[in-house]
Amino acid sequence: MVQDYTEYLEKIILTEKQIQDRIKELGAEISRDYQGKELLIICILRGGVMFTTDIVRQISVPLAIEFMAVSSYGSGVRKSEGEVRITLDLNSSITDKHVLILEDIIDSGNTLASVIDMLKTRNPASLFICTLLDKYERREVDVPIRYCGFKIKNEFVFGYGLDMDEYYRNLPFIGVVNPEKYVPPT
Ligand code: PRP
């Protein structure tokens with residue numbers, strides 16, 4: 001059995017209401033910015049899935065949704081430039097489309113920097129990033145974020161798409177792990 005998260009939850013940093021209120025604001029902003037255009041949303045799996053399904057319902061311009069999964073080589077290996085590969089590619093062309101990438105969190109920036117490099121070669125009409133969380137203190141590579149939900153400190157967070165040993169992505173809030181109470185799986 002996975003450890004019960006309530007045993008290591010130090011605090012909730014973003015409540016369900018705070019997240020959903022901010023998503024409404026972002027959705028309105030995106031709807032204004034893309035007025036008269038069509039959007040192609042790219043959800044980066046797996047963390048971005050909760051954010052994607054909630055924010056698309058707050059966007060009023062016509063949109064299509066695609067999914068992409070990327071992975072760093074080797075588990076536990078620190079992500080660095082050149083180590084990111086596509087494990088699930090898009091089903092359709094993004095050429096001449098207005099593309100908006102949706103992520104749950106940007107940490108070092110390496111994942112999205114690689115994704116952007118790859119997608120730019122497919123010649124979209126425009127390509128922007130929307131992230132729910134920006135762990136800005138950890139940035140190693142600069143990535144241009146157009147829409148950001150919340151800037152957060154360098155803490156180990158989980159919930160609302162972010163996993164704890166693959167569990168608890170389904171929590172409606174975002175919490176911080178107390179490392180002294182967390183027991184890694186054997
Ligand atoms: C997380 C997150 C981003 C990436 C950010 O994904 O969803 O894709 O890490 O880190 P970076 O800015 O340091 O590159 P993860 O690899 O944990 O996969 P998951 O979404 O399937 O949990």
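Before any of the text, the structure's been laid out above.
Everything quoted here is computed from the prediction, not taken from an experiment.

A.B. asks: Which parts of the structure should I look at to understand the packing of aromatic side chains?
C.D. replies: Within a pair of aromatic rings, the relevant descriptors are the distance that separates the centres and the angle that separates the planes. Applying the stated criterion to the full structure yields seven aromatic pairs. With a centroid separation of 6.0 Å and 65 degrees between ring planes, the pair formed by Tyr5 and Phe158 is classed as edge-to-face. Linking Tyr5 in the segment before strand S1 (9–14) with Phe158 in strand S8 (residues 157–158), this pair joins segments that are 153 residues apart in sequence. The same class applies to Tyr5 as to Phe158, namely buried. The interplanar angle of 65 degrees and the centroid separation of 6.4 Å between the aromatic rings of Phe158 and Tyr168 together place this pair among those described as edge-to-face. Of this pair, Phe158 sits in strand S8 while Tyr168 sits in the loop between S8 and strand S9 (174–177), and the two are ten residues apart along the sequence. Accessibility classification places Phe158 together with Tyr168 in one group, the buried group. Every member of this aromatic cluster is reached through a ring pair, and the members are Tyr5, Tyr8, Phe158, Tyr167, Tyr168, Phe173 and Tyr182.

A.B. asks: What is the right way to read the site of the ligand from this model?
C.D. replies: Close contacts around the ligand come from 15 residues, with Glu103, Asp104, Ser108, Gly109 and Thr111 the closest. Separating an oxygen atom of the ligand from a side-chain N or O atom of Ser108 is a distance of 2.6 Å. For the ligand, whose unbound accessible area comes to 500 Å², protein coverage reaches 82%. For the shell around the ligand, the elements supplying multiple residues, two or more each, are strand S5 (98–106) and helix H3 (110–120). If you tally residues by element for the shell around the ligand, the top one is S5, at four residues.

A.B. asks: Looking at this structure, how should I read the sheet that holds S1?
C.D. replies: Think of a sheet as strands paired side by side through backbone hydrogen bonds, with each pair either parallel or antiparallel. The antiparallel open sheet is built from three strands, whose spatial order is S1-S9-S8. The outermost strands of the open sheet, each flanked by one partner alone, are S1 and S8. Of the pairings in the sheet, the one linking S1 to S9 comprises four bridges and is antiparallel in character. Bridging from a neighbouring strand, Leu14 pairs with Ile174 of S9.

A.B. asks: Got a minute to help me understand unusual backbone geometry in this structure?
C.D. replies: One can expect most non-glycine residues to show negative phi and most peptide bonds to be in trans. Omega for the peptide link from Leu45 to Arg46 comes to -5 degrees, which places this bond in the cis form. Counting through the fold element by element, Arg46 comes out in the loop between strand S2 (39–45) and helix H2 (49–55). Positive phi, normally seen in glycine, also occurs at Asn123, with a value near 55 degrees. Structurally, Asn123 is set in the loop between H3 and strand S6 (126–134). The phi torsion at Tyr160 lies on the positive side, around 50 degrees, for a residue other than glycine. Looking at the secondary structure, you find Tyr160 in the loop between S8 and S9.

A.B. asks: For this particular structure, what's the right way to read the pattern of salt bridges?
C.D. replies: When the charged atoms of two side chains with opposite charge come close together, those side chains can pair. Taken as a whole and assessed by the stated rule, the structure comprises 13 salt bridges. Asp107 is the salt-bridge partner of Arg138, the closest N and O atoms lying 2.6 Å from each other. Placement of Arg138 in the loop between S6 and strand S7 (147–151) and of Asp107 in the loop between S5 and H3 is noted, with a sequence separation of 31 residues between them. Arg138 sits in the partly exposed class, given a relative accessible area of 32%. With a closest N to O distance of 3.3 Å, Asp134 and Lys151 form a salt bridge. Separated by 17 residues along the polypeptide, Asp134 in strand S6 and Lys151 in strand S7 bring together distant segments of the chain. On the accessibility criterion, Asp134 (3% relative accessible area) is buried. Taken together, the shared-partner salt bridges connect Arg46, Asp163, Glu166 and Arg169 into one network.

Definitions and limits used
Here the residue numbering is sequential within each chain, running from 1 through the sequence in written order. Confidence filtering applies because this is a predicted model: local features only for residues at pLDDT of at least 70, side-chain atom pairs given and counted only at 80 or more, and all residues used for totals across whole chains, interfaces and linings. Calculation of side-chain values draws on the structure's entire complement of heavy atoms; hydrogens and water are dropped beforehand. Paired rings are identified among Phe, Tyr and Trp, the last through its six-membered ring, by centres lying within 6.5 Å, and are further divided according to the angle between planes into stacked (under 30 degrees), edge-to-face (over 60) and tilted (the rest). Each helix corresponds to a stretch of at least 4 residues labelled H or I by DSSP, and each strand to a stretch of at least 2 residues labelled E; elements are numbered beginning at the N terminus. Here's how the labels work: a residue is buried when its accessible area is under 20% of the maximum for its type, exposed when over 50%, partly exposed in between, all with a 1.4 Å probe on protein chains only. Only a single heavy atom is needed: when it lies within 4 Å of a molecule or strand, its residue is near that molecule or strand. Distance and chemistry together define a polar contact, namely a pair of N or O atoms within 3.5 Å, with one atom able to donate a hydrogen and the other to accept it when in protein, and with adjacent residues in sequence counting only for side-chain atoms on both sides. Reported accessibility uses the Shrake-Rupley method at a 1.4 Å probe radius. Residues are deemed covered only where the shown protein chains occlude them. Whether two strands pair depends on DSSP finding at least two bridges between them. A carboxyl oxygen of Asp or Glu within 4 Å of a side-chain nitrogen of Lys or Arg is what we treat as a salt bridge.

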